[in-house]
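# An overview of the molecular structure
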Amino acid sequence: MTTSRPAQDSGGSRPSGPGLAVAAVARRLGVAPATLRTWDRRYGLGPSDRTAGSHRRYTPDDVARLLVMRRLTLEGVAPVDAAQAALEADVEELDEAQRSGPPVPPESSSEPEAPPVREDGESAGRTGRAHLRALPGGGQGAHAAPGHGAGQNASGKVSAVVDAALAYDQGRCDDLLRIPAQGDPAVWWANLLEPAWSRVAERTVLAGPGAVPEVVLATAALHALRSFTEAFEQAVVQNGGPPANHPSRMRNIVLIFAAPDEAVPLSAHALAAALTAKGKTARIVTGPASTRRSLELVTMVRPAALVLATTQRRPDIDVVHAVHEGFPDLPIFVGLRRDDVATEIPLAAQVQRVRSFTGLLHEVLAVVST
């Protein structure tokens, strides 16, 4: 349901000017135009200006509210709550959003919507590819799950997890990484597991036979995700919902690929659990998957979206090229933080690069929820 926008007095703090089309605003925020249209339809965060011919354009206030929305969602705030905060933002908050946000790209109202520009300066296709700002430490929002809060508490828990992994204390790791029944796997990943995984990977350890800190941590993480997902699915069935393999839930699947050389694709599993917690169906492709096999899987599953989720700095993205060539209309999202690797992604409207886990989850939800 669309939320009505409260009237706000700008007080003349933002100069008026020609409104912006959706492509220009999408470039500024680093999201797909489809995401902006979804925010307009669901939350009322749409363009409020009209030009000759009744074309709707985004005013400075509209853009400022979208900047608030984007900042909050990247921090882990639920989209519905972020939208409400954006709609209720006062003049000072909107001014601050405009000052801290990226610059507005030049645009001529007499020309058709120009394609977005990649951060390396190359065109990214007509409707563009998202470029989200990286979140140090994965971002810590106000909606942290119980036991996975932000700030010093989260930092202390990360340290405890790292210590347990380095001590090969599997039981302690299992306890520390358990996701509460009402928890959020996305917050759990951003605030706890990802920083712990990074810190353990940076440590040089003199270990005995069979002692690998990363294995201890990965085992606990996968156990936590599996337990959370199983409990969530049981609750869905107990409340009268269909089971995970019901045909009604298999029509809108998100297919998640890990990088071919990633031994333990934790981010792929975390993303699948986060989507499950949002009521979506996700399946992870693990094990060897040649280009031919990948295309067979997409043909068989007919997913609503495909995701390459990885923590690798320079993953092999052959599967992205192959699937896009075979299924050019399929939305594909690639999680990449390094800008230099982004040049290897196909230049196409349906292929988007996203920098953060939170942003990746949000972009996928925007597509599969439509």
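Remember, predicted model here, so these are calculated numbers, not experimental data.

How two helices pack is summed up by the angle between their axes together with the distance between the axes. At a closest axis distance of 11 Å, the pairing of helix α10 (residues 266-277) and helix α14 (residues 357-368) adopts a crossing angle of 45°. Here α10 lies oblique to α14, going by the angle between them. Relative to α14, α10 is oriented so that their crossing is right-handed. Contacts from S267, A270, L271, A274 and L275 in α10 reach F357, L360, L361, V364 and L365 in α14. Class assignment for the residues of the contact of α10 with α14 results in nine nonpolar, one polar and no charged.

Gaps left between atoms show up when a probe the size of a water molecule is rolled over them. One number sums up the size of the largest pocket: a volume of about 680 Å³. The wall of the largest pocket is formed by 28 residues, among which E194, T310, T311, Q312 and R337 lie closest to the centre. Among the elements of the structure, α8 (185-201) and α14 are those that each provide at least two residues to the lining of the largest pocket. Considering every element that reaches the lining of the largest pocket, the biggest residue donor is α8, with six residues. The residue inventory of the lining of the largest pocket, partitioned by class, reads 12 nonpolar, nine polar and seven charged.

Look at α14: 17 Å from first C-alpha to last across 12 residues, which is about the 16 Å you get at 1.5 Å a residue. Counted residue by residue, α14 has 11 buried out of 12 residues, so it is predominantly covered. Within α14, burial applies to F357, T358, G359, L360, L361, H362, E363, V364, L365, A366 and V368.

Bringing the sheet that holds strand β5 (residues 305-308) into the picture now. Read from one edge of the open sheet, five strands run β4-β3-β5-β6-β7, paired in parallel fashion. Every other strand in the sheet has two partners, leaving β4 (281-285) and β7 (351-354) as the edge strands with one partner each. Along the sheet, successive strands turn relative to each other by an average axial angle of 20°, direction set aside. Pairing of β5 with strand β6 (residues 332-335), which is carried by three bridges, proceeds in the parallel orientation. Pairing of L308 across the sheet is with V334, part of β6. Where helix α12 (residues 318-326) meets the sheet, it contacts β3 (253-257), β5, β6 and β7, and its direction lies at approximately 170° from that of β6.

For the rest of this paragraph, the subject is the confidence of the model for the protein chain. Taken as a whole, the protein chain shows an average pLDDT of 78; of its residues, 78% reach a score of 70 or greater. Helix α7 (residues 170-177) holds the highest mean pLDDT among the elements of the protein chain, 96, whereas strand β1 (residues 49-50) holds the lowest, 67. Ignoring residues within four places in sequence, the model shows residues 1-16, a span with pLDDT below 50, making 39 contacts including any to other chains. Overall, residues 103-152 carries pLDDT values under 50, and its contacts beyond four positions in sequence, including any with other chains, amount to 130 contacts.

Attention shifts here to the pattern of salt bridges. Summed over all chains, the structure comprises five salt bridges. The partner of E363 in a salt bridge is R70, with the nearest N and O atoms 2.8 Å apart. Within this pair, whereas E363 is found in helix α14, its partner R70 is found in helix α3 (residues 60-74), the two being separated by 293 residues in sequence. Residue classification places E363 among the buried positions, given a relative accessible area of 1%.

End to end, α8 covers just 21 Å across 17 residues, shorter than the expected 24 Å (1.5 Å per residue, more than 12% under). Within α8, the axis deviates most sharply at L193, by approximately 40°, and proline P195 lies no more than four positions further along. For α8, the buried fraction is high: 13 of the 17 residues fall into the buried class. Where α8 begins, one side-chain oxygen reaches toward the backbone nitrogen of A186, 2.9 Å away; that side chain belongs to D184.

So, on to the packing of helix α9 (residues 213-238) against α10. Where α9 meets α10, the axes come as close as 10 Å, and the angle between the chain directions of the two elements is 20°. Classified by the angle their axes make, α9 and α10 are roughly parallel. As α9 packs across α10, the resulting crossing turns out to be left-handed. Of α10, the residues touching α9 (which contributes A218, A221, L222, L225, F228, T229, F232 and E233) are L266, H269, A270, A273, T276 and A277. Taken together, the residues of the contact of α9 with α10 break down into 10 nonpolar, three polar and one charged.

Considering the arrangement of structural elements, one finds M69 in helix α3. For the pair M69 and P79, spaced 10 residues apart in sequence, the C-alpha separation works out to 7.6 Å. What M69 contacts, discounting residues up to four positions off in sequence, is W39, Y43, L45, P79, A82, A83 and A86.

So, how was this worked out
- Residues numbered from 1 in each chain as written.
- Predicted model: local features only at pLDDT ≥ 70, side-chain atom pairs only at ≥ 80, totals over all residues.
- Heavy atoms only, no water.
- Axes fitted to C-alpha atoms, helices over the stretch in contact; angles between N-to-C directions.
- Helix = DSSP H or I, 4+ residues; strand = E, 2+ residues; numbered from the N terminus.
- Parallel < 35°, antiparallel > 145°, perpendicular 65-115°, else oblique.
- Left-handed = near helix turned anticlockwise from the far one by under 90°.
- Contact = heavy atoms within 4.5 Å.
- Nonpolar A, V, L, I, M, F, W, Y, C, P; charged D, E, K, R; others polar.
- 1 Å grid on protein atoms, 1.4 Å probe; cavity = no way out; pocket = protein on both sides within 12 Å on 5 of 7 lines; lining within 4 Å.
- Points joined across faces, edges and corners; volume = space filled by probe spheres on them.
- Expected span 1.5 Å × (residues − 1).
- Buried < 20%, exposed > 50% of the residue type's maximum accessible area, 1.4 Å probe, protein only.
- Pairing = 2+ DSSP bridges.
- pLDDT = per-residue confidence, 0-100.
- Salt bridge = Lys/Arg side-chain N within 4 Å of Asp/Glu carboxyl O.
- Bend = angle between axes of the 7 residues up to and from the residue.
- Polar contact = N/O pair within 3.5 Å; in protein donor to acceptor, adjacent residues only side chain to side chain.

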